[in-house]
Amino acid sequence: MEYRYRTKGTCSREIIVDLDHDIVRSVKFIGGCDGNTKGICSLVQGMKAEDVIQRCKGIRCGFKTTSCPDQLAEAISQALNHKSGLN
């Protein structure tokens, strides 16, 4: 299931998450720091969605209240909620 999430408070504008049940198949950031977002995408591929949320939630970028990893946690959380609403 592909889910698109518009980020808030980060350099990236959007995150596209592809979940296979509770496994992260792929992630793509639109915008943001190219090397960092590619690294995040590579690291979370194949992980359980809940593990990604647990590891990334609350990470801050400098003085900002959020970050690309934190926004990814939010995107995956919303994707899981959206998916469960479809069942």
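Predicted, not measured: the structure shown is a model, and the values here were computed from it. (Residues numbered from 1 in each chain as written. Predicted model: local features only at pLDDT ≥ 70, side-chain atom pairs only at ≥ 80, totals over all residues. Heavy atoms only, no water.)

The next subject is the overall build of the chain. When helices and strands are tallied, the chain shows three helices and three strands. Walking the chain from its N terminus toward its C terminus, one meets helices and strands in the order β-β-β-α-α-α. Each principal axis of the C-alpha distribution contributes one length, and for the chain these read about 40 × 20 × 20 Å. If you take every contact in the chain between residues at least 6 apart in sequence, the share linking residues at least 24 apart comes to 44%. Of the accessible surface of the chain, which amounts to about 5,400 Å², a share of 50% is contributed by carbon and sulfur atoms. (Helix = DSSP H or I, 4+ residues; strand = E, 2+ residues; numbered from the N terminus. Contact = heavy atoms within 4.5 Å. Areas by Shrake-Rupley, 256 points an atom, 1.4 Å probe, with all protein chains shown as cover.)

This brings us to the layout of surface pockets. Taken as a whole, the largest pocket holds about 200 Å³ of empty space. Along its surface, the largest pocket is lined by 14 residues, and Cys-33, Asn-36, Cys-61, Cys-68 and Pro-69 are the ones closest to its centre. Contributions of two or more residues to the lining of the largest pocket are made by helix 1 (34-44) and helix 3 (68-86). In the lining of the largest pocket, the residues fall into seven nonpolar, five polar and two charged. (1 Å grid on protein atoms, 1.4 Å probe; cavity = no way out; pocket = protein on both sides within 12 Å on 5 of 7 lines; lining within 4 Å. Points joined across faces, edges and corners; volume = space filled by probe spheres on them. Nonpolar A, V, L, I, M, F, W, Y, C, P; charged D, E, K, R; others polar.)

The tally for this structure, following the rule as stated, stands at zero disulfides. Take Cys-33: it sits in no disulfide, and the sulfur closest to it among the cysteines is that of Cys-11, at 5.3 Å. Looking at the unpaired Cys-56, the closest cysteine sulfur is the one in Cys-41, lying at 11 Å. Given the relative accessible area of 10%, Cys-56 is considered buried. (Disulfide = S-S within 2.5 Å. Buried < 20%, exposed > 50% of the residue type's maximum accessible area, 1.4 Å probe, protein only.)

Next up on the list: the sheet that holds strand 1 (residues 2-6). One open sheet accounts for three strands, arranged 1-2-3; its pairing is antiparallel. Both edges of this open sheet fall to strand 1 and strand 3 (23-31), since each of them pairs with a single strand only. Ignoring which end each strand starts from, the neighbouring axes of this sheet average 20° apart. (Pairing = 2+ DSSP bridges. Axes fitted to C-alpha atoms, helices over the stretch in contact; angles between N-to-C directions.)

To continue, consider the nonpolar core. Counting 23 residues, the largest nonpolar core has Leu-72 and Ile-76 as its most contacted members. Of all the secondary-structure elements, those providing two or more residues to this core are strand 1, strand 2 (12-20), strand 3, helix 1, helix 2 (49-56) and helix 3. Among the elements that make up this core, the one with the highest residue count is helix 3 (seven residues). Residues contacting Leu-72, with those up to four places away along its chain left out, are Ile-15, Val-17, Val-27, Phe-29, Ile-40, Val-44 and Val-52. (Core = buried A, V, L, I, M, F, W, Y, C linked by side-chain atoms within 4.5 Å.)

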